[in-house]
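Architecture at a glance
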Amino acid sequence: MDATNGNGGASKYITLVSKDGFEFVMLREATLCSDYIRGMLRNNMTEARTGRCELQDINGVILEKVVEYFHYWYKYRDREDVPDMEIPVENCLELVVAADYLGMDSKPH
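One structure accompanies this document, and this report is about it. These figures come from a predicted structure and were not determined experimentally.

Calculation criteria
- Residues numbered from 1 in each chain as written.
- Predicted model: local features only at pLDDT ≥ 70, side-chain atom pairs only at ≥ 80, totals over all residues.
- Heavy atoms only, no water.
- Axes fitted to C-alpha atoms, helices over the stretch in contact; angles between N-to-C directions.
- Helix = DSSP H or I, 4+ residues; strand = E, 2+ residues; numbered from the N terminus.
- Parallel < 35°, antiparallel > 145°, perpendicular 65-115°, else oblique.
- Left-handed = near helix turned anticlockwise from the far one by under 90°.
- Contact = heavy atoms within 4.5 Å.
- 1 Å grid on protein atoms, 1.4 Å probe; cavity = no way out; pocket = protein on both sides within 12 Å on 5 of 7 lines; lining within 4 Å.
- Points joined across faces, edges and corners; volume = space filled by probe spheres on them.
- Pairing = 2+ DSSP bridges.
- Expected span 1.5 Å × (residues − 1).
- Buried < 20%, exposed > 50% of the residue type's maximum accessible area, 1.4 Å probe, protein only.
- Polar contact = N/O pair within 3.5 Å; in protein donor to acceptor, adjacent residues only side chain to side chain.
- Phe/Tyr/Trp six-rings, centres within 6.5 Å; stacked < 30°, edge-to-face > 60°.

1. Here's the deal with the packing of helix H3 (residues 60–76) against helix H4 (residues 92–101)
Helix-helix packing is characterised by the crossing angle of the two axes and by the distance between the axes. Remark: H3 packs on H4, axes separated minimally by 10 Å, with the N-to-C direction vectors making an angle of 65°. If you check the angle between H3 and H4, you find them roughly perpendicular. Seen along the crossing, H3 lies across H4 with a hand that is right-handed. Taken together, the residues of H4 that come into contact with H3 (itself represented by Ile62, Lys65 and Val66) are Glu94, Leu95 and Ala98.

This is how it looks when you write it as structure tokens:
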């Protein structure tokens, strides 16, 4: 399946898939705070053509929170006064590992 918008350009949306098969469809632009996903969506990578990124090291519960962060980042990316995001204490360690894996510790391009 090709992830184009019908005019040969990349679709506005991509699908993130967790290791346990949960799928999250979201704006491509909202994922750009991740170096890893941004790299997957470049050039002739399979993910760039299909619009589907399989994240075999992240389970659905954690990926759901990562997706929530992507939306949060996208919504507030140009603001100075940003409200706190709720992060469940029981998921903190796994979220830190996922953030590191996805390259979310650097400033988005």
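Further notes follow.
2. Remarks on the environment of Val67
Structurally, Val67 can be placed in helix H3. For the pair Val67 and Met26, spaced 41 residues apart in sequence, the C-alpha separation works out to 8.0 Å. The contact partners of Val67, leaving out residues within four places of it in the chain, are Leu16, Phe24 and Met26.

3. Here we look at the layout of surface pockets
By volume, the largest pocket is sized at about 210 Å³. Lining of the largest pocket is provided by Lys65, Val66, Tyr69, Met85, Ile87, Cys92, Leu95, Val96, Ala99 and Met104. For the lining of the largest pocket, the elements supplying multiple residues, two or more each, are H3 and H4. Looking at the lining of the largest pocket element by element, the count peaks at 4 residues for H4.

4. Side note on the sheet that holds strand E3 (residues 52–55)
Strands sit in the order E2-E1-E3 across an open sheet of 3 strands; the sheet is mixed. Looking at strand neighbours, the two that pair on one side only are strand E2 (23–27) and E3, the edges of this open sheet. Strand-to-strand, the axes of this sheet are offset by a mean angle of 25°, without reference to chain direction. Pairing of strand E1 (residues 13–18) with E2, which is carried by 5 bridges, proceeds in the antiparallel orientation. The residue bridging Val17 from the neighbouring strand is Glu23, located in E2. Contacting E1, E2 and E3, H3 runs over the sheet at an angle of about 10° to E2.

5. A few points about H3
Look at H3: 24 Å from first C-alpha to last across 17 residues, which is about the 24 Å you get at 1.5 Å a residue. Within the span of H3, buried status applies to Gly60, Ile62, Leu63, Lys65, Val66, Val67, Phe70, Tyr72, Trp73 and Tyr76. Of the residues that open H3, the one with a side-chain oxygen 3.0 Å from the backbone nitrogen of Val61 is Asn59.

6. Things to note about the environment of Val61
Considering the arrangement of structural elements, one finds Val61 in helix H3. Here the alpha-carbon distance between Val61 and Asn91, two residues 30 residues apart in the chain, equals 8.8 Å.

7. Examining the packing of aromatic side chains
Taken as a whole and judged by the stated rule, the model has 3 aromatic pairs. Summarising the aromatic geometry, the rings of Tyr36 and Tyr101 are spaced 4.9 Å apart at their centres and angled 40° between planes, so their arrangement reads as tilted. One end of the pair, Tyr36, is in helix H1 (residues 35–40); the other, Tyr101, is in helix H4, with 65 residues separating them in the sequence. An aromatic cluster is defined as three or more aromatic residues linked by ring pairs; in this entry it consists of Tyr69, Tyr72 and Tyr76.

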